[in-house]
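Structural description and commentary
Letter by letter, the chains look like this.
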Amino acid sequence: MALTLYVDTARWRAHQKQIQDQFPGMIPVCKGNGYGFGHERLCEEATRMGADVLAVGTTYEAASIKDWFGGDLLVLTPFRRGEDPVPLPDRVIRSVSSLDGVRGLVGARVVIECMSSMRRHGISEQDLGQLHAAIEDVRLEGFALHLPLDRPDGSDAVEEVIGWMDRLRAARLPLHTMFVSHLRAEDLARLQQQFPQTRFRARIGTRLWLGDHEATEYRGAVLDVTRVAKGDRFGYRQQKAASDGWLVVVAGGTSHGVGLEAPKALHGVMPRAKGVARAGLATVNRNLSPFVWAGKQRWFAEPPHMQVSILFVPADATEPKVGDELVAHLRHTTTQFDRALDT
């Protein structure tokens, strides 16, 4: 009895192939919890698709992944002086986002991040004059731009990249490779046409692994079902049942990521109104679970436990049976499954 990730493998891989065809030279990204699939599985998939470089989030991830992927590993978190030393092979490429970072990696393979409209990290235009001398002491793999997902001001992602290409060229810096994130396939084609001497390599994670929502599904197995009458007390806090129904114990708790939710950027009146309504219900201990039974998302009977959740299913619904599986709408990047099954 488990929280299971079901993967329609043929469909999932067909989507991967589609993305790979749209973005020649694409670099798959494997970071965090491996987008819900785990590092080892994504390393296998990256190897299967013939990737020569795999991007990871941190040096710690690179250290664990190096035994599962035989190509180059690009660490996306920029190097900082004083960071914990992690033993890594020469095929690891470090990102740097400052002159000091470049100077601190003498002899290393590096990708230099440029400051984009994300305003997260990167070298500035004012750094370029000194950068020419600094790169003589490193093995420069190329420059990189991490771009925003949304552009409410109507700006053009391609024009932002072109602006940086012009600045780098004016500073007489090598433009053999540019690593980019969050561009459309048509954007990449425009850039490649305008700069035929530069190889543009898209770093892609979410769109590659999670772009086809129908290819994967989480399901939690029903472990126990107990009938309750209105007013019956139950659970750790001995709350009262609001009506007749069943307490359904299902696989999937906080250790799996159930009940965890990342903050979301809300746009528009309706999403904000729904957010306010959910917050109001939570103040009276009414929290909607991610589990679906009989076509409806069911309420938590109480906050999820470590490995299971207890749901309340009202008497007017079909009674769940032990061994049934409930579809769970879970965020891949915060979920840890018990097992994965290819279908």
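Residues numbered from 1 in each chain as written. Predicted model: local features only at pLDDT ≥ 70, side-chain atom pairs only at ≥ 80, totals over all residues. Heavy atoms only, no water.

Here we look at the pairing of strand S9 (residues 199–204)
The element S9 is extensively covered by neighbouring structure, given that 5 of its 6 residues are classed as buried. Bridge count for strand S2 (residues 27–28) against S9 is 2 bridges, and the pairing is parallel. Residue Pro28 lies in a different strand from S9, and its bridge partner there is Ile204. Regarding topology, helix H7 (residues 185–194) serves as the crossover connection from strand S8 (residues 177–181) to the parallel S9, and that connection is right-handed. (Buried < 20%, exposed > 50% of the residue type's maximum accessible area, 1.4 Å probe, protein only. Helix = DSSP H or I, 4+ residues; strand = E, 2+ residues; numbered from the N terminus. Pairing = 2+ DSSP bridges. Right-handed = clockwise from strand over helix to strand, strands pointing away.)

With respect to the domain arrangement of the protein
Considered domain by domain, the protein is made up of domain 1 (8–210) and domain 2 (216–342). The C-alpha centroid of domain 2 is placed 38 Å from the C-alpha centroid of domain 1. Across the contact, 8 residues belong to domain 1 and 9 residues belong to domain 2. Both faces considered, domain 1 and domain 2 share a buried interface measuring about 700 Å² in area, 48% of it formed by carbon and sulfur atoms. In this assembly, domain 1 and domain 2 are joined by 1 salt bridge. For Asp342, the salt bridge identified is with Arg41, shortest N-O distance 2.9 Å. Summed over the shared surface of domain 1 and domain 2, the number is 6 residue pairs in polar contact (both at pLDDT 80 or more). A class-by-class count of the residues in the side of domain 1 that touches domain 2 yields 3 nonpolar, 3 polar and 2 charged. (Domains from an automatic or database assignment. Contact = heavy atoms within 4.5 Å. Buried area = accessible area lost by both parts, 1.4 Å probe. Salt bridge = Lys/Arg side-chain N within 4 Å of Asp/Glu carboxyl O. Polar contact = N/O pair within 3.5 Å; in protein donor to acceptor, adjacent residues only side chain to side chain. Nonpolar A, V, L, I, M, F, W, Y, C, P; charged D, E, K, R; others polar.)

Here we look at the nonpolar core
Of all hydrophobic cores here, the largest spans 91 residues; its most connected members are Phe37, Ile112, Leu131, Phe143, Leu168 and Trp209. Per-element accounting of this core gives the leading share, 7 residues, to helix H6 (residues 157–170). Built from parts of two domains, this core gets at least three residues from each of domain 1 (8–210) and domain 2 (216–342). Listed in part, the 8 residues of the second largest apolar core include Val228, Phe234, Ile310 and Phe312. (Core = buried A, V, L, I, M, F, W, Y, C linked by side-chain atoms within 4.5 Å.)

Side note on the pattern of salt bridges
Close approach of charged atoms allows side chains of opposite charge to pair. Taken as a whole, this structure holds 24 salt bridges when the rule is applied. Between Arg48 and Glu45 there is a salt bridge, and its shortest N-O distance comes to 3.1 Å. With Arg48 and Glu45 both in helix H2 (residues 39–48), this residue pair falls 3 residues apart, about one helical turn. By relative accessible area, which is 1% here, Glu45 ends up buried. Lys321 is paired through a salt bridge with Glu319; the nearest N and O atoms lie 3.5 Å apart. Among the residues examined, Lys321 registers a relative accessible area of 47% and is labelled partly exposed. Since its relative accessible area comes to 29%, Glu319 is described here as partly exposed. Through salt bridges that share partners, Arg13, Arg41, Glu45, Arg48 and Asp342 make up one connected network.

What about the sheet that holds strand S5 (residues 92–96)?
Taking strand neighbours across the sheet as the criterion, the 8 strands line up as S2-S9-S8-S7-S6-S5-S4-S3 in an open arrangement whose pairing is parallel. Looking at strand neighbours, the two that pair on one side only are S2 and strand S3 (53–56), the edges of this open sheet. Lying over the sheet, H6 contacts strand S7 (139–146), S8 and S9, oriented at roughly 145 degrees with respect to S7. (Axes fitted to C-alpha atoms, helices over the stretch in contact; angles between N-to-C directions.)

What about the UniProt feature "domain: Alanine racemase N-terminal" (unreviewed entry) in the protein?
Per the UniProt entry, the sites bearing "domain: Alanine racemase N-terminal" (unreviewed entry) are residues 7–153 in this numbering. Spanning residues 7–153, this segment combines 29% helix with 20% strand, and its end C-alpha atoms are found 38 Å apart. (UniProt positions renumbered as here; feature names shortened; annotations may be inferred.)

A look at the packing of aromatic side chains
The full count for this structure, using the stated rule, is 3 aromatic pairs. Measuring from centroid to centroid gives 6.0 Å for Trp12 and Trp209, while their planes differ by 45 degrees, and the two rings are tilted. Of this pair, Trp12 sits in helix H1 (residues 9–22) while Trp209 sits in helix H8 (residues 206–210); the two residues are 197 residues apart in sequence, bridging distant segments of the chain. In terms of burial, Trp12 and Trp209 fall into one category: buried. Summarising the aromatic geometry, the rings of Phe195 and Phe200 are spaced 6.3 Å apart at their centres and angled 55 degrees between planes, so their arrangement reads as tilted. Classification of Phe195 as buried rests on a relative accessible area of 7%. Of the residues examined, Phe200 reaches a relative accessible area of 2% and is grouped as buried. (Phe/Tyr/Trp six-rings, centres within 6.5 Å; stacked < 30°, edge-to-face > 60°.)

Focus: the side chain of His121
Relative to the assigned elements, His121 resides in the loop between strand S6 (109–113) and helix H5 (128–134). Once residues within four sequence positions are removed from consideration, His121 is found in contact with Pro78, Arg80, Ser97, Cys114 and Met115.

What about H1?
Between its first and last C-alpha atoms H1 spans 20 Å; for 14 residues at 1.5 Å apiece the expected length is 20 Å, and the two agree. Buried within H1 we find Thr9, Trp12, His15, Gln16 and Ile19. Here the buried residues of H1 occupy an arc of 130 degrees about the axis, which is enough to place them on one side. Its buried side turned inward, H1 meets strand S1 (3–7), H2, S9, H8 and strand S18 (339–342). (Expected span 1.5 Å × (residues − 1). Arc of directions from axis to C-beta.)

As for the packing of H1 against H2
To characterise two packed helices, one gives the angle between the axes of the helices and the distance between these axes. Relative to each other, H1 and H2 sit at 55 degrees, their axes nearing to 12 Å. Between H1 and H2, the crossing angle belongs to the class labelled oblique. Here H1 and H2 pass one another in a crossing that is right-handed. Facing H1, whose interface residues are Thr9, Trp12, Arg13 and Gln16, H2 presents Arg41, Leu42, Glu45 and Arg48. (Parallel < 35°, antiparallel > 145°, perpendicular 65-115°, else oblique. Left-handed = near helix turned anticlockwise from the far one by under 90°.)

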